[in-house]
Amino acid sequence: MARRRLAALSLAAVASLTLAACSNGGTTPSGSSTAGTPVSGGTLNMLGAGDVDYMDPNISYYSLGYTNLRMWSRQLFTYPAEPGGKNTTPVVDLATEIPSTSNGGISADGKTYTIHIRPGAKWGTSPARQVTAADVVRGVKRTANPVQPFGGIPDFATLIDGYQAFQDGFTKVPKTVAGIKDYIEKTPLPGVVAKDDTTVVFHLTRPASYFVDMLTMPAFSPAPVEGLNYLPASTELGNNYPSDGPYKVDKWVPTKSVTYSRNPAWDPASDPVRKAYVDKIVVNETVSQDSIQQQLQTGTPSADMEWDVAPPASQIPALQAKKDKKLTIGDTASSNPYVVYNTASPNENKAMQNPKVRQAISYAINRDNILQVLGGKTLNPPLTHVLPDVITGSKQIDPYPYNPNKAKQLLAEAGYPHLTLKFLYRNATEGSSKSFQTVQQDLSKVGITVTGVPSPNADFYVKYMQVPSVARRGVWDLSLAGWGADWYGNGALSFFNPLFSGEPSFPPVGSNYGLYNDPETNSLIQQAMLAKTADEAGALWAKADARVMEQAAFFPLTSNKQANYHAEQVQNAVYVPSLQNYDPTNVWLTKDKQGG
């Protein structure tokens, strides 16, 4: 999605970007097409309305960013494009095998992971050279950079030995190319060590059975030394970063376009995940959601796949009714979308800082109305608390059933019978606009006037949500975001640490956009992280869930199913939950319709 699948995870009808990764993998998505003989060649044309968050493997944390990185950046482990639930189980990518105690990859105490890098994986440099363990160390270090740190750092800041101290030291470094390069090259990170050229060793502060799953996040991608010649997350870096995947970025014009072509240094024998059937991939980021759907359905030659949007919610029922095989509905393990409450807003005499006001808003929002404009409950089953039901620790509670009278009562008790609040939304996407309008109508019934703050898709996170000063200034009071598990099953940590753990999760390091900070919640998170058994952790995560809801930190809506659509000529369109899209490195185009 969240995030970052994705992460760390696109909103089916609401937004262009979802944080982190996202799926329970329990079913094969409807509409998957994997039959036929592969055909090589051609240009895959992808259409979208927005841009990646960052063209930077160690920084990107949204599902669209993950789709982009799938083409030119490799990880130690990743999720494969295989239907039938297999695409939520990690497989080797750059690593030669999944570490275990039996093969010596995991120490007896569970705190040391030894990983070997496969030969033949090379950077697209001149001359091409082998990806090394030192590159992995460099990549992990880059996540802590002071210019734009990775948004999921709370997941592992205290898990990887010495990382927190390394990050703290990095904050004092000049935000220059020279300062960042010097710190990375001269400052050791005890928890990530290159034992030799092809062996990287991770030292943890505590056992973590989910660590291999965590390493699927692109944040842990190796970084070539050339990456230190540019500021992290910069446009210059995005246009000059060497590739170790099947494609390379030829040109990236932010918010406009991306073009990719084959990376001559890539050896198919070194990559067990990506087939790279097409020769070139071209992304147009300037197309409206409705136009994209129309072009995909009508066979426009330059339209093959979606980039960052889904079919408009209003059109999905008709596509389902005619059993359109080009439509895919995939499961997710996400809270997507949810209503964000800015708990630091100074507006209306700090009304949003009062839990009772936030509780009142939660009672006033009619979840059913929003789910209807998002395409109905078939695509958007209700979620009434933090954790989706496939995540360990999820316990069914519904603390805020729709009750406008209760909302009015709480507002009166809090001393705010009438309020005017600002709602930040993405006006280029149907679901986001309609969700804003629905909330606006619901809150008007309890004496709350809601005014809209429209944002382009490309600006929404990087110019608003990821900038705490914007929240503190009261630019917005409510908004919509989406979050997905960074990994599956035992993944509650990847919800609570980035979203609800107080200051350590404030942007840009975390994704706690509403700046929620509650000592009791923070304590429960710490206890759950240190739990010795899954049952003990699950009970504590359930308590943390109940506390977040009691404080009305946000208003959950749905653990949505993801809709995707592709053109007739696209074959082997396999939905990968961590991308919330089809894997562009594994599709092929029919011989007579190979784009241009």
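Look up: the structure comes first, before these words.
Everything quoted here is computed from the prediction, not taken from an experiment.

(A) Just helix α4 (residues 177-186), in detail. All of the buried residues along α4 are Gly179, Ile180, Tyr183 and Ile184. Mapping the buried residues of α4 onto a view down its axis gives an arc of 125°, with all of them on the same face. Across from the buried face of α4, at angles greater than 90 degrees, the exposed residues are Ala178 and Lys186. Buried residues in α4 make contact with α2 (133-142) and α3 (163-170).

(B) Representation of the side chain of Asn380 within the structure. Locating Asn380 in the fold gives a position in the loop between α11 (367-373) and α12 (404-414). Separated by 3.1 Å, the side chain of Asn380 and the backbone oxygen of Leu374 make a polar contact. If near-sequence neighbours (up to four positions away) are discounted, Asn380 is found in contact with Leu371, Leu374, Gly375, Thr558 and Asn560.

(C) Quick peek at the sheet that holds strand β16 (residues 448-455). Taken in spatial order, the 5 strands make up an open sheet running β16-β15-β17-β14-β18, and their pairing is mixed. Of all strands in the sheet, those with a lone pairing partner are β16 and β18 (554-556), marking the two edges. Here the strands of the sheet are splayed against their neighbours by 30° on average, with no regard to which way each runs. As paired elements, strand β15 (residues 419-426) and strand β17 (residues 478-484) share 2 bridges and run parallel to each other. Following the sheet pairing, Phe423 is matched in β17 by Leu478. The sheet contacts of helix α14 (residues 457-465) involve β14 (334-341), β15, β16 and β17, and relative to β15 the element is tilted by about 125°. Helix-sheet contacts for helix α16 (residues 493-500) involve β14, β17 and β18, and the interaxial angle to β17 is about 150°.

(D) Examining the packing of α16 against helix α18 (residues 534-550) more closely. Running from amino to carboxyl end, α16 crosses α18 at an angle of 40°, the nearest separation of the two axes being 11 Å. In the packing of α16 onto α18, the handedness of the crossing is left-handed. Residues Leu493, Phe496 and Phe500 of α16 form the contact with α18, whose own contacting residues are Trp541, Ala544, Asp545 and Val548. Its residues placed into classes, the contact of α16 with α18 shows 6 nonpolar, no polar and 1 charged.

(E) Quick peek at the packing of helix α17 (residues 519-529) against α18. With their axes 8 Å apart at the nearest point, α17 and α18 run at an angle of 165° to one another. With respect to α18, the element α17 is oriented roughly antiparallel. Considering the relative orientation of α17 and α18, their crossing is left-handed. Counting all contacts with α17, which are made through Glu520, Thr521, Leu524, Ile525, Gln527, Ala528 and Met529, the residues of α18 involved are Ala537, Leu540, Trp541, Lys543, Ala544, Arg547 and Val548.

Here is what the cut-offs are and how they apply
Residues numbered from 1 in each chain as written. Predicted model: local features only at pLDDT ≥ 70, side-chain atom pairs only at ≥ 80, totals over all residues. Heavy atoms only, no water. Buried < 20%, exposed > 50% of the residue type's maximum accessible area, 1.4 Å probe, protein only. Helix = DSSP H or I, 4+ residues; strand = E, 2+ residues; numbered from the N terminus. Arc of directions from axis to C-beta. Contact = heavy atoms within 4.5 Å. Polar contact = N/O pair within 3.5 Å; in protein donor to acceptor, adjacent residues only side chain to side chain. Pairing = 2+ DSSP bridges. Axes fitted to C-alpha atoms, helices over the stretch in contact; angles between N-to-C directions. Left-handed = near helix turned anticlockwise from the far one by under 90°. Nonpolar A, V, L, I, M, F, W, Y, C, P; charged D, E, K, R; others polar. Parallel < 35°, antiparallel > 145°, perpendicular 65-115°, else oblique.

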